[in-house]
Amino acid sequence: MEEKQKLIMDVAKECFSKQGLQFTSIYDIVKTCKISKATFYKHFSTKEDLVYEILAYSNKNFLSRARAIDENIEIDNKDKLKKKIILVWEYLISNTPFNLFIIENFSQIKGQPMYKFKETIRDNLLSEYYKSLIMLYGDEIESIVWEMIFLIDSLVHEFTLIMRIKQEEFEPDFVSDYVIRMIDMTINNLKKVPSVINKSFFYDKIGDASDNLVSSEQLLIYKTIGEIKDLILKHDKIGRAHV
């Protein structure tokens with residue numbers, strides 16, 4: 001990818017997230033990039049084409065970085081899982097606001113239904129968790145692997161939710177270390193009881209529905225928002241008590 005093309009995409013993504021797609025003109029983008037409209041149109045024919053390429057590039061970049069982690073022979077499987085958790089964390093922090101805005105405001109882009117983009121993104125996240133868990137713990141966790149994926153996914157999204165509510169930053173290493181600690185504490189107990197979550201838990205039974213992928217972030221909000229609020233209130237009360 002050319003440097004100018006990448007610059008346009010980065011600037012446009014920031015403008016779209018701040019101002020909204022309909023309120024961001026091509027002039028706004030080229031002015032911020034300090035390029036001509038001719039340079040813009042050399043790479044993108046329309047704003048819709050630009051949005052499509054941003055989504056596609058984010059997805060390709062995620063997969064490329066995940067592949068690099070898998071192929072790194074200098075780190076063990078636990079470190080690979082840790083790096084995958086950090087990769088997903090950074091992807092969510094960087095892309096979720098933009099992705100949600102686009103998904104909610106477009107039914108399709110370049111003839112492709114938006115739920116397909118959502119499905120692809122979600123499949124990629126879940127697939128990377130799956131591969132790393134099997135690599136680390138072996139095939140014997142196959143019966144509980146989707147419970148482990150749900151645990152990881154929920155914890156990562158919970159951290160992002162708390163961060164947004166409290167506007168508090170978390171170090172990626174802290175997030176990944178905590179998640180792996182919870183996995184290690186939980187995995188042996190899960191092996192002793194029947195599994196209650198499988199792959200179908202993440203998906204709707206109707207494969208071609210317009211919103212056929214269950215959002216883990218929505219599940220997390222529904223199941224834990226009360227607990228998170230209680231945690232924040234408790235933390236704030238403790239903080240005020242020590243002032």
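Reading the values: the criteria
Residues numbered from 1 in each chain as written. Predicted model: local features only at pLDDT ≥ 70, side-chain atom pairs only at ≥ 80, totals over all residues. Heavy atoms only, no water. Helix = DSSP H or I, 4+ residues; strand = E, 2+ residues; numbered from the N terminus. Buried < 20%, exposed > 50% of the residue type's maximum accessible area, 1.4 Å probe, protein only. Contact = heavy atoms within 4.5 Å. Areas by Shrake-Rupley, 256 points an atom, 1.4 Å probe, with all protein chains shown as cover. Polar contact = N/O pair within 3.5 Å; in protein donor to acceptor, adjacent residues only side chain to side chain. Salt bridge = Lys/Arg side-chain N within 4 Å of Asp/Glu carboxyl O. Expected span 1.5 Å × (residues − 1). Axes fitted to C-alpha atoms, helices over the stretch in contact; angles between N-to-C directions. Parallel < 35°, antiparallel > 145°, perpendicular 65-115°, else oblique. Nonpolar A, V, L, I, M, F, W, Y, C, P; charged D, E, K, R; others polar. Phe/Tyr/Trp six-rings, centres within 6.5 Å; stacked < 30°, edge-to-face > 60°. pLDDT = per-residue confidence, 0-100.

Enquirer: What is the right way to read the overall build of the protein chain from this model?
Expert: Looking only at helices and strands, one finds nine helices and two strands in the protein chain. From first element to last, N terminus to C terminus, the protein chain shows the α and β order α-α-α-α-α-β-β-α-α-α-α. Expressed as a percentage of the 243 residues in the protein chain, the buried residues total 42%. Residue pairs in contact within the protein chain that sit at least 24 positions apart in sequence constitute 71% of those at least 6 positions apart. In the structure as shown, the protein chain presents an accessible area of about 13,800 Å², 53% of it carried by carbon and sulfur atoms.

Enquirer: For this particular structure, what's the right way to read the side chain of Ser176?
Expert: Structurally, Ser176 is set in helix H8 (residues 172-191). The exposure class of Ser176 is buried, given its relative accessible area of 0%. A polar atom in the side chain of Ser176 sits 3.1 Å from the backbone oxygen of Asp173. With residues up to four places along the chain from it excluded, the contact list for Ser176 reads Lys82, Ile85 and Ile86.

Enquirer: Help me out: how do you make sense of the pattern of salt bridges in this one?
Expert: Side chains carrying opposite charge are able to pair once their charged atoms draw close together. The full count for this structure, using the stated rule, is 12 salt bridges. Note that Glu14 and Lys18 form a salt bridge whose closest N and O atoms lie 3.0 Å from each other. Taken together, the residues span about one helical turn, with Glu14 and Lys18 both in helix H1 (residues 3-19) at a distance of four residues. On the accessibility criterion, Glu14 (45% relative accessible area) is partly exposed. Linking Asp184 and Lys78 is a salt bridge whose minimum nitrogen-to-oxygen distance equals 2.9 Å. Here Lys78 lies in helix H5 (residues 77-105) and Asp184 lies in helix H8, a separation of 106 residues in the sequence.

Enquirer: Sorry if this is basic, but what is going on with the environment of Lys199 here?
Expert: Along the chain, the position of Lys199 falls in the loop between H8 and helix H9 (216-241). Take Lys199: its relative accessible area is 46%, and that puts it in the partly exposed class. Spatially, the C-alpha atom of Lys199 lies 9.7 Å from that of Phe150, the residues being 49 residues apart in sequence.

Enquirer: Help me understand H1, please; the structure alone is not making it clear to me.
Expert: Structurally, the α-helix is built with 3.6 residues per turn, so residues lying three or four positions apart point the same way. Look at H1: 24 Å from first C-alpha to last across 17 residues, which is about the 24 Å you get at 1.5 Å a residue. Within the span of H1, buried status applies to Gln5, Ile8, Met9, Val11, Ala12, Lys13, Cys15 and Phe16. After H1 finishes, the residue Gly20 shows a positive phi value of roughly 90°.

Enquirer: For this particular structure, what's the right way to read the packing of helix H4 (residues 47-71) against helix H6 (residues 114-137)?
Expert: Packed helices, taken two at a time, are described by the angle between their axes plus the distance between the axes. Closest axis-to-axis distance for the H4/H6 pair is 11 Å, and the angle between their directions is 5°. Of the possible angle classes, the one that applies to H4 and H6 is roughly parallel. Where H4 approaches H6, its residues Tyr52, Leu55, Asn59, Phe62, Leu63, Ala66 and Asp70 are matched on the opposing element by Met114, Phe117, Thr120, Asn124, Leu125, Glu128, Lys131 and Met135. Looking at the contact of H4 with H6 residue by residue, the classes come out as nine nonpolar, three polar and three charged.

Enquirer: Can you walk me through unusual backbone geometry in this structure?
Expert: A negative phi angle is the norm for most residues apart from glycine, just as the trans form is the norm for most peptide bonds. Of note, Lys34 is a non-glycine position whose phi angle comes to about 60°, a positive value. Here Lys34 shows up in the loop between helix H2 (26-33) and helix H3 (37-43).

Enquirer: What is the right way to read the packing of aromatic side chains from this model?
Expert: Any pair of aromatic rings gets described here by the distance separating the centres and the angle formed by the planes. Following the criterion strictly, the structure yields 12 aromatic pairs and no others. Aromatic side chains Trp146 and Phe202 sit 5.5 Å apart centroid to centroid with 55° between the ring planes, which places their arrangement in the tilted category. Here Trp146, found in helix H7 (residues 145-166), pairs with Phe202, found in the loop between H8 and H9; they are 56 residues apart in sequence, far enough to count as distant. Counting every residue linked through ring pairs, the aromatic cluster contains Tyr130, Trp146, Phe150, Phe201 and Phe202.

Enquirer: Explanation requested: the confidence of the model for the protein chain in the structure shown.
Expert: Fine structural detail should not be taken from predicted coordinates in areas where pLDDT scores are low. Mean pLDDT over the protein chain stands at 81; residues scoring 70 or higher make up 82%. Low pLDDT (under 50) marks residues 205-226, which in the prediction has 40 contacts with non-local residues, meaning those over four places away or in another chain.

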